Amino acid sequence: MNKYQYAFDKLLTLDSPDVEQIEQLEVRGADYYHELLDTLYDLVEKETATTPDIEGDGYYKGELVYDTWICPRCGTRYEIGYDEYEYCPKCGQHIDLDSLEQECEDTEDEE
C-alpha cells in the first residue's frame, strides 16, 4: 500500500474528527471535504501501476511489429524499447513495465 492509499483509507474511516477538523468542515462545507477525497483518490489512481495498451503499425517478415505503448491515463504514445518510463512523462501515471514486457511477449506468441 502506498502513502496515498494509506491517507485515503484513513480519511474514509474518520469517525470522530477533532475540533479543528469540525471547524474546517463547518467553514468550508462538506463539498470541500469531498473535493479533498477526490484529489487524494486521483493520486491513488495515478500511483497505482497500470498496464499500457500496445499497438503496431508495421510488419516484419509477415508479422505485425508492436512498437508503440499508450498511456492508459492520457493516451500519449511512446516507442517500445526506446521510451521506457516508470511514470508517464506527460501525466505522471505509474506504468507497469513488467506487464508491458509480458504483454508484448504474449502478443508475439499469439502470432
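Here the structure is a predicted model, which means the values were calculated and not measured. (Residues numbered from 1 in each chain as written. Predicted model: local features only at pLDDT ≥ 70, side-chain atom pairs only at ≥ 80, totals over all residues. Heavy atoms only, no water.)

Brief notes about the packing of aromatic side chains
As enumerated under the stated definition, the model contains 2 aromatic pairs in all. With 5.6 Å between their ring centres and 70° between their planes, Tyr-78 and Tyr-85 make a pair best called edge-to-face. A relative accessible area of 9% places Tyr-78 in the buried class. Three or more aromatic residues link up through ring pairs in this structure, and these residues are Trp-69, Tyr-78 and Tyr-85. (Phe/Tyr/Trp six-rings, centres within 6.5 Å; stacked < 30°, edge-to-face > 60°. Buried < 20%, exposed > 50% of the residue type's maximum accessible area, 1.4 Å probe, protein only.)

Side note on the sheet that holds strand S2 (residues 63-70)
Strand order in the open sheet formed by 3 strands is S1-S2-S3, with antiparallel pairing between adjacent strands. The open sheet terminates on both sides in strands that have one partner only, identified here as strand S1 (53-60) and strand S3 (77-79). Each neighbouring strand pair of the sheet contributes to a mean axis angle of 45°, computed without reference to strand direction. Across 7 bridges, S1 lies against S2 in antiparallel orientation. When the sheet's bridge partners are listed, Gly-58 is paired in S2 with Val-65. (Pairing = 2+ DSSP bridges. Helix = DSSP H or I, 4+ residues; strand = E, 2+ residues; numbered from the N terminus. Axes fitted to C-alpha atoms, helices over the stretch in contact; angles between N-to-C directions.)

Concerning a negative patch on the surface
A grouping of Asp-18, Glu-20, Glu-23 and Glu-26 is seen on the molecular surface, where their side chains present a negatively charged patch. Positionally, Asp-18 belongs in the loop between helix H1 (3-12) and helix H2 (19-28). (Patch = residues over 30% accessible without salt bridge, like charges linked within 9 Å, V, L, I, M, F, W, Y side chains within 5 Å. Areas by Shrake-Rupley, 256 points an atom, 1.4 Å probe, with all protein chains shown as cover. Salt bridge = Lys/Arg side-chain N within 4 Å of Asp/Glu carboxyl O. Lys, Arg positive; Asp, Glu negative; His and termini not counted. Charge placed at Lys NZ, Arg CZ, Asp CG, Glu CD.)

A look at the pairing of S2
With antiparallel pairing between neighbouring strands as the criterion, S1 and S2 make up a hairpin whose turn holds 2 residues, including Lys-61 at a positive phi of roughly 55°. Summarising the sheet, S2 and S3 pair through 3 bridges and their orientation is antiparallel. Within the sheet, the bridge partner assigned to Thr-68 lies in S3 and is Glu-79. Between S2 and S3, which pair antiparallel and follow one another directly, the connecting turn spans 6 residues, one of which, Gly-75, has a positive phi of 80°.

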